[in-house]
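Observations on the three-dimensional arrangement
The lines below spell out each chain.
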Amino acid sequence: MKKTPQISLEEAAKLVKNGDVLLQGGFGMTGNPVHLMHALAKTDTKDLTFIGNNVGEPGLGGGLLLRNGQIKKMIGSFFTSNPEAVKAAQEGKVEYELIPQGTLAEALRAGGAGIGGFFTPTAAGTVIAEGKETKILKGVQQVFVEGIRGNIAFIRAWKADTAGNLVYRMTEQNFNRAMATAADLVIAEVEEIVPEGSIDPNEIHTPGCFVDYLVQATLHLDDLGSSASVSSSKKVSESRMNMAKRALQELQKGDVVNLGIGIPTLVADLITPEHGIILHTENGMLGVGPAPKDGGGALDYPVNAGKIPVTALPGSSYFDSTESFAMIRGKHIDVAVMGGLEVDESANLANWAVPGKPLLGVGGAMDLASGAKKLIITMTHTNKDGSSKIVPTCKLPLTAIESIDMVITDLAVFKYIDGQLTLTEVMPGATLEEIKQKTEAHFIEKLS
């Protein structure tokens, strides 16, 4: 059987050359090869093209390389979680390219499988698709995406054997499995290395043929950044909770549901076992439970897409990001509840970018908005300046076109019935006159 060389962090860092395309696994700091990244940060290597879901956190993981000026270009899905990355991009100090999270995962899988590219409905009709080839396939507009490969991949696994076979823990699979296939040289940072034959072949996630080197490195709380622990204190306004309660009414027993960040997250706090709802998180988990009551973090628990530690309900399962987004695009997610910045009369959604604001990341929103069977948007009815978020035509960059089924605000509930924006309910404490005054879009009424 193959013996995979075991090397030091310093030796691994020296294998990265100036100008290399570096793939880095992880979702936030979960499953992140932080020790390899920090070893690379101690070198003079520069002009790197960094590819990963996000660029770590400030001064942590890829964030340290960015701070050192070692990254020439960053390609990823969600840079907003690192304010320094957002600032560097918006000031022109580093080149960047945004790719929807599911598209990034699939592009890595394609690159690793020797596939030149693929068509996807994600991002069709948005600025992300500008300049790319598009086709109508089976009546759906789709965007062509090339496969992605790198010169070198830094990935993180929980356990390896001396043959290079890898096992990931909980939600730490994320981008690591695809990246292990998509680079010329793959270095796996692992918690534990055991003799070959010690791991049941049924439990191996990444076969050893993909792994060139192993590095043993122990994970500590300080390596997990914002996922190190979870606070139990949460203050929620009555209006926000009303929106969450109304969204819950739309969920049926047995539904597979994805909840976005913000108001949608509150829905999770209202779900009980009796509801029979199965929560999905795009970084690789089905059967998400409530936050841990002991305040524990990602060393002990899986994390959700908001990088918050959660518990696993009986019957839960873990998988990688490519499989997670295959579930989404393949219409295996019954309902997605997401936040919004703008919605319009044509059921278009804008929720990822505001020009001039420190927001730089599409995350999984484009995949979910176009892939879920039903899309519910929860948001405040107006902006802080009093302007309406429900408009004739979205002015902000679009997330998805003609995708929304229902909008729940602090004032009203709208549905798109026969293609028309339709007011169906008035929320507690609101009046019809107030809704008319604060809604810029034209709508019809079908109040019960």
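A brief report on the enclosed structure follows. (Residues numbered from 1 in each chain as written. Predicted model: local features only at pLDDT ≥ 70, side-chain atom pairs only at ≥ 80, totals over all residues. Heavy atoms only, no water.)

1. Side note on unusual backbone geometry
In plain terms, the rule: Only DSSP runs of H or I with at least four residues qualify as helices, and only runs of E with at least two residues qualify as strands; both kinds are numbered from the N terminus onward. Throughout this description, buried means an accessible area under 20% of the type-specific maximum (1.4 Å probe, protein chains only), exposed means over 50%, and partly exposed covers the range between.
Positive phi outside glycine occurs at Ala-123, with the angle close to 80°. With respect to the helices, strands and loops of the structure, Ala-123 is situated in the loop between β5 (117–120) and β6 (134–137). The class of Ala-123 is buried, set by a relative accessible area of 5%. Unlike most non-glycine residues, Asp-418 shows phi in positive territory, near 55°.

2. Some thoughts on the packing of helix α7 (residues 238–248) against helix α8 (residues 263–270)
The test is simple: Geometry is summarised by axes, namely lines fitted to C-alpha atoms with helices restricted to the contacting stretch, and by angles between N-to-C directions that run from 0 to 180 degrees. Working definition: roughly parallel below 35 degrees, roughly antiparallel above 145 degrees, roughly perpendicular at 65 to 115 degrees, and oblique for all remaining angles. With the far helix as reference, a near helix turned anticlockwise by less than a right angle produces a left-handed crossing, and one turned clockwise produces a right-handed crossing. Working rule for contacts: check all heavy atoms of both residues, and any pair within 4.5 Å makes them a contact. Gly falls in the polar group here, along with every residue not listed as nonpolar (Ala, Val, Leu, Ile, Met, Phe, Trp, Tyr, Cys, Pro) or charged (Asp, Glu, Lys, Arg).
Following both chains from N to C, one finds α7 and α8 inclined at 65°, their axes separated by 8 Å at the closest point. Classified by the angle between their axes, α7 and α8 sit roughly perpendicular to one another. Crossing hand, α7 versus α8: right-handed. Between α7 and α8, the contacting residues are Arg-240, Met-241, Met-243, Ala-244, Lys-245, Ala-247 and Leu-248 on the first element and Ile-263, Leu-266, Val-267 and Leu-270 on the second. Residue classes in the contact of α7 with α8 are distributed as 9 nonpolar, no polar and 2 charged.

3. Description of the sheet that holds strand β20 (residues 390–391)
Spelled out, the test is: Think of it this way: DSSP has to see at least two bridges between two strands before they count as a pair.
The 3 strands lie next to each other as β18-β17-β20, forming an open sheet whose pairing is mixed. The sheet is open, and its two borders are formed by β18 (349–350) and β20, each paired with just one other strand. Bridge analysis of strand β17 (residues 342–344) against β18 gives 2 bridges, and the strand direction is antiparallel. Bridging across to β18, Glu-342 finds its partner in Ala-350.

4. Section: helix α9 (residues 321–329)
The set of residues buried in α9 consists of Ser-321, Thr-322, Ser-324, Phe-325, Met-327 and Ile-328. Buried residues along α9 sit against α5 (101–112), α6 (176–179), β13 (278–281) and α10 (365–371). Just downstream of α9, Lys-331 is the residue with a positive phi angle, here 65°.

5. A closer look at the side chain of Ser-403
Along the chain, Ser-403 turns up in the loop between β20 and β21 (406–408). The exposure class of Ser-403 is buried, given its relative accessible area of 13%. For Ser-403, the contacting residues outside a window of four places in its chain are Ala-347, Leu-349, Ala-369 and Leu-375.

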